[in-house]
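Examining the three-dimensional arrangement
What follows is the residue order along each chain.
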Amino acid sequence: MRTSYREVFDMFLSKTSSGWPVATVFRRGSVGMKNFENMPLGLLSVDMSIDLSRAASFFHEIVTIAREYDYHRESNGVQEIIRGNIELFMPKPLSRTDRQRNIKARRIDFVGEKAQSFGLDTTQEARWVFLPNTSDENYYQPMFFPELRRSTLLTWYTENSDAIIYLKFTGTFGGSGLAVTRIKEGSWSAPCAIGANVVGCGLRVHADPIECIIFVRDVNDIEGLKRGEHITLGGEEQKKRVTIFTKIAERFCKETFMRCSCYPRNDLNALIYSGTEEIDSAGQILSGYVKYPAEAVVFSGALRRLELPSTMYPHPTPPNNLAKFSNSDWTVEKSCTVNDSLEPPFDEHTITTLRDLLKTFQQGGEHLHLEEFNEFEIFTQKFRQMLFDGVTIDRAWPIEDCKDSQDNSFITKVTMRLESRLTGTGREDTLLFLAKSVTSMSRTDCDFSSPGNFPKKKYLSQSLELRNIVNISQTMPKNFIQKQASLQEGRKQRKRFVMLKSKDGKGVPFLARTAKDASLLACGLKLLAERICRS
């Protein structure tokens, strides 16, 4: 899977990684494709495979850069010592685009000039920076919802979209791309080849290429495309239902007034689907009647990474000395005790609780135990990233609602996700438990111009502020309601059990997917809760 350079380096040198890469491959595009992309008249693609490759690369790129931006912003400027001289261990190759970017960055408003060459409005009201770069012209441009995480925004838009369109405009003859729509059970239809033009943009010789992704909230907005008609997406009148992100000169922006005219390219669709299905319209493809072609496997993986980050990244591994505290209950008054011998340079006779260990770091011990301190810092950052992506747990429900009741209506699969917001008193971290909605509770009124917290097809079953947690336990209470299970299954469930209790006495019990996940979640949540107590 494609990933960032920092993440690859981290796999090799950090003890908190749970997996190792089989190989590292630096990919460089073919010379023929590069020459085709740089043709002065900007010809449309002649094969859907070209658009599939472009879309997959674009999705991977925007997700990777968004995650890297979030990582550096949330690390509070603290860089791990083991990454201090990264290129000494693994020299980073300099590609052609890197050399060009260094020259182009010297110009004051290079991105704005590129956008104007395609007839786009470049005023502050028309264009918002989605992924800023503090070293160049983006200083004067406003940022799109700066308080929200970039990768979380991408996932939110994808989860709430009924259709996603990728387009690349290469100049004189407009652009081409792909469209996919939601079908039954939330999956995506096979990709449909489409052509497009920027509304209001006339003949543009030597115009610079622009890539964009269009999120469409309501599938009714593309019904005309299914019928083989030209449709127009974007603009001020559709801002609550349609959002467009563009990539211009290696920078990603959110466009307010950009409008695109799209139409199906039946000739390309016939070429790629003729061998497996008989199709006579784009409507059959976008309605889910056509199977995914083998050529779209890579594109499907990129789309899945955009929507389901929780399934695309390995979970971190707790540092060995942190794992020694996993089997004991944590309380806000006494912390949690060590249940095994600590590894050198620490001694369980002088350090008996997790609080004592963190005090050792705070009282100058980070200089004496630098490597161990770095591993704790790296694990904290990785664990928070894992919670931001979301963790699937098998069951979550308020325990008081299950007392003296055999009703299993609260037993469901839930995604546990961390939400972090800046308030007047500081940063507020909240655990959200989101369940899939099968009723009218779906948030079909979500506004794309103001991203919200929850996907429209999910509802909030429970929430818990991290600062209100007073107890974290892996001991299953006797009154915990379980389905009829064998003795062996009961033992497995007890190993997967985690209980969170808040100041108001409410409990949030859940079963992790595996015993290993339960231990990881317990260790990470204890570390986060302990740090909040100390702050």
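Residues numbered from 1 in each chain as written. Predicted model: local features only at pLDDT ≥ 70, side-chain atom pairs only at ≥ 80, totals over all residues. Heavy atoms only, no water.

As for the pattern of salt bridges
Applicable threshold: A pairing counts as a salt bridge when a side-chain nitrogen of Lys or Arg comes within 4 Å of a carboxyl oxygen of Asp or Glu. Every helix listed is a DSSP run of H or I at least four residues long, and every strand listed is a run of E at least two residues long, numbered separately from the N terminus. Only protein chains enter the calculation, and the probe is 1.4 Å; a residue is then buried if its accessible area is under 20% of its type maximum, exposed if over 50%, and partly exposed in between.
Taken as a whole and judged by the stated rule, the model has 23 salt bridges. Glu61 is the salt-bridge partner of Lys247, the closest N and O atoms lying 2.7 Å from each other. Taken together, the positions of Lys247 in strand E7 (residues 242-248) and Glu61 in helix H3 (residues 48-74) put the pair 186 residues apart, joining distant regions of the chain. For Glu61, a relative accessible area of 23% translates into the label partly exposed. With a shortest N-O distance of 3.1 Å, Glu236 and Lys239 are connected by a salt bridge. Taking relative accessible area as the criterion, Glu236 reaches 36% and is therefore assigned partly exposed. A relative accessible area of 31% places Lys239 in the partly exposed class. Residues joined in a network through salt bridges with shared partners are Glu61, Glu211, Lys247 and Glu250.

A short note on the packing of H3 against helix H11 (residues 297-307)
Keep this limit in mind: Here an angle of 0 to 180 degrees is reported between the N-to-C directions of two axes, which are lines fitted to C-alpha atoms, with helices fitted over the stretch in contact. Working definition: roughly parallel below 35 degrees, roughly antiparallel above 145 degrees, roughly perpendicular at 65 to 115 degrees, and oblique for all remaining angles. We call a crossing left-handed when the near helix sits turned anticlockwise from the far one by less than a right angle, and right-handed when that turn is clockwise. Working rule for contacts: check all heavy atoms of both residues, and any pair within 4.5 Å makes them a contact. All amino acids are sorted into three groups, where Ala, Val, Leu, Ile, Met, Phe, Trp, Tyr, Cys and Pro are nonpolar, Asp, Glu, Lys and Arg are charged, and the leftover types, Gly among them, are polar.
One can describe the packing of H3 onto H11 by two numbers: an axis separation of 9 Å at closest approach and a directional angle of 25 degrees. The angle between H3 and H11 places the two elements in the roughly parallel class. For the pair H3 and H11, the sense of crossing is left-handed. Facing Leu52, Ala55, Ala56, Phe59, His60, Ile62, Val63 and Thr64 of H3, the residues of H11 in contact are Val298, Phe299, Ala302, Leu303, Arg305 and Leu306. Classifying every residue of the contact of H3 with H11 by side-chain character gives eleven nonpolar, two polar and one charged.

So, the packing of aromatic side chains
What counts, and what does not: A pair of aromatic rings is counted whenever rings of Phe, Tyr or Trp (Trp by its six-membered ring) have centres within 6.5 Å, and the orientation is called stacked for planes under 30 degrees apart, edge-to-face for over 60 and tilted otherwise. Any Lys NZ or Arg CZ found within 6 Å of a ring centre and within 35 degrees of that ring's normal is scored as a charge over the ring.
Applying the stated criterion across every chain yields a total of 19 aromatic pairs. For the ring pair Trp156 and Tyr157, a centre distance of 5.1 Å and an interplane angle of 85 degrees mean the geometry is edge-to-face. Of the two residues, Trp156 and Tyr157, neither departs from the other in class, the shared state being buried. When the ring of Phe361 is compared with that of Phe373, the centres are 5.5 Å apart and the planes differ by 70 degrees; the resulting orientation is edge-to-face. Taken together, the residues span a long stretch of sequence, with Phe361 in helix H13 (residues 354-368) and Phe373 in helix H14 (residues 370-389) at a distance of twelve residues. Members of the aromatic cluster, each reached through a chain of ring pairs, are Phe130, Phe144, Phe145, Trp156, Tyr157, Phe215, Phe245 and Phe448. One Lys or Arg, Arg67, reaches over the ring of Tyr313 and ends 3.7 Å from the middle of that ring. If you follow Arg149 out to its NZ or CZ, it ends over the ring of Phe388, 3.9 Å from the centre.

Quick notes on the side chain of Arg305
The test is simple: We call two N or O atoms a polar contact when they sit within 3.5 Å, provided that within protein one can donate a hydrogen and the other can accept it, with sequence-adjacent residues counted only if both atoms are side-chain atoms.
With respect to the element layout, Arg305 can be found in helix H11. Residue Arg305 is classed as buried on the basis of its relative accessible area, which comes to 2%. There is a polar contact of 2.7 Å between the side chain of Arg305 and the side chain of Tyr313.

A word on the environment of Phe325
Note that Phe325 resides in the loop between helix H12 (320-323) and strand E10 (330-331). In this structure Phe325 comes out as buried when scored by relative accessible area, which is 1%. Expressed as a C-alpha distance, the spacing of Phe325 and Ala522, which sit 197 residues apart in the sequence, is 9.2 Å. If sequence neighbours within four positions are ignored, Phe325 has contacts with Cys336, Thr337, Val338, Asn339, Leu342, Thr352, Thr353, Leu354, Leu357 and Lys526.

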